[in-house]
Amino acid sequence: MGKNDFLTPKAIANRIKAKGLQKLRWYCQMCEKQCRDENGFKCHCMSESHQRQMQVFGQNPNRIIDGYSEEFEREFLEHMKRSHRFSRVAATVVYNEYISNRHHIHMNSTQWATLTEFVKYLGRTGKCKVDETPKGWFITYIDRDSETLFKERLKNKRQRADEVEEEKQEREIKRQIERAEQLMPSASGSSQPNESERVLLKSEDGGKIAFALGSSKLVVKEKRESSKLVFEDGESSNPVKVKGAGGNVGGVVSALDELMREEEKVKERMNRKDYWLCEGIVVKVMSKALAEKGYYKKKGIVVKVIDKYVGEIKMIDSKHVLRVDQEELETVIPHIGGPLRIVNGAYRGSNARLLALDTEKYSAKVQIEKGIYDGRVLQAVEYEDICKAAV
């Protein structure tokens, strides 16, 4: 048997050593070769194969480092998800478990020099909950998959509840209109009430709708005038004024106007969100980080919305597609008569047309087009709640 044969004690010892984890500083990630000592690593660095790999690395070092960093992060989080999905654990424990695999991506080939930097990166990006203690860094995995499914279920449930509530409001409005029409013939011959008298209007189910000044006789306006006021100027908060029997003009709150205002408040509470991005609108990029590439204050069209707060923007000039957070975007106001979309507030998602601008109050007068609110005029909508529609 030769000195370095397969079954010699030295050969067996070398194979046992090779199976274990060696020192990371003597590992070459480009060649995926683990050296046993400093001399072996030095000899490897002088080899022809290593020199060829370094030439490949020198052509585009950033791309290779970014690739190793992404793969290291993905495998690290995958190990966290499998082993410590719902527990708070020390970062060093997770790292030691991860590097127990001999063929893992080594940290010395990534953009992070130390484990502390990598843990801080996970905390900044929201992929793990990170906290520093006297015993070191502790991390908790954030299960985005379960959270996403849970949020999606809540969103669908909320949308169904909103639709049911809106249908109830519409049916209530119709019932009030029909009741007012039925009361008009009986009240047309009655005398006008005094300002000091009061009448309470109630709905069919007994709920309070509105109250108006008057005697025991109901205050009713003509059908055409009331309908015009409610549906053409739903945003107006001025009370309806009628002339009393003595010739004095008093403020009388119409039941339908009060009902419309309550409906506006309910819609505002339901549709006012902290996100406003939607597909098919024109936005302006306000990120100064993109100024070097020429995208600052340039306009683009939102082609896709990701997780409600991030949009894929197709630039109008260059046709490039960018992924930008809504905090770095700004709504665009169209020209007078131009199409727009209401992106937040009571009429969120409605298509409208710009009628006028109030530069002092930073608001706009718009008219809704299509849908159940077709033709309704909104007197004062803030600039942030409307955006130009792509045509």
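Structure: see above.
Thresholds applied
Residues numbered from 1 in each chain as written. Predicted model: local features only at pLDDT ≥ 70, side-chain atom pairs only at ≥ 80, totals over all residues. Heavy atoms only, no water. Helix = DSSP H or I, 4+ residues; strand = E, 2+ residues; numbered from the N terminus. Buried < 20%, exposed > 50% of the residue type's maximum accessible area, 1.4 Å probe, protein only. Salt bridge = Lys/Arg side-chain N within 4 Å of Asp/Glu carboxyl O. Core = buried A, V, L, I, M, F, W, Y, C linked by side-chain atoms within 4.5 Å. Pairing = 2+ DSSP bridges. Axes fitted to C-alpha atoms, helices over the stretch in contact; angles between N-to-C directions.

Caption draft 1: Summary view of the environment of R36. Counting through the fold element by element, R36 comes out in the loop between strand 2 (33-34) and helix 2 (38-45). Assessed through its relative accessible area of 40%, R36 is described here as partly exposed. Taking C-alpha positions, R36 is 9.8 Å from N14, a pair spaced 22 residues apart along the chain.

Caption draft 2: Seen up close, the pattern of salt bridges. Tallied over the entire structure, the rule returns 11 salt bridges. E48 is the partner of R52 in a salt bridge, and the nearest nitrogen-oxygen pair spans 3.3 Å. One end of the pair is R52 and the other is E48, both in helix 3 (residues 48-59) and 4 residues apart, which spans about a single turn. Owing to a relative accessible area of 46%, R52 belongs among the partly exposed residues under this scheme. Relative accessible area serves as the criterion here: at 60%, E48 is assigned to the exposed category. Its salt-bridge partner being E369, residue R353 comes within 2.7 Å of it at the nearest N-O pair.

Caption draft 3: Inspection of the nonpolar core at higher detail. Grouped together as the largest cluster of nonpolar side chains are 25 residues, with contacts concentrated most on F72, F76, M80, F118 and I139. Among the elements of the structure, helix 4 (61-83), helix 5 (91-98), helix 6 (115-124) and strand 5 (136-141) are those that each provide at least two residues to this core. When residues in this core are grouped by element, the largest group, 6 residues, is from helix 4. Core analysis: the next-biggest nonpolar cluster, separate from the first, contains 16 residues, W276, V283, V285 and V324 among them.

Caption draft 4: Geometry of the sheet that holds strand 3 (residues 88-90). Taken in spatial order, the 3 strands line up as 3-5-4 in an open sheet, and their pairing is antiparallel. With one partner strand each, in any of the chains shown, strand 3 and strand 4 (128-133) form the two edges of the open sheet. Across this sheet, the average inter-strand angle for adjacent strands is 30°, counted without regard to direction. Judged from the 3 bridges that link them, strand 3 and strand 5 form a sheet pairing that is antiparallel. Counted as the bridge partner of R88 is T140 from strand 5.

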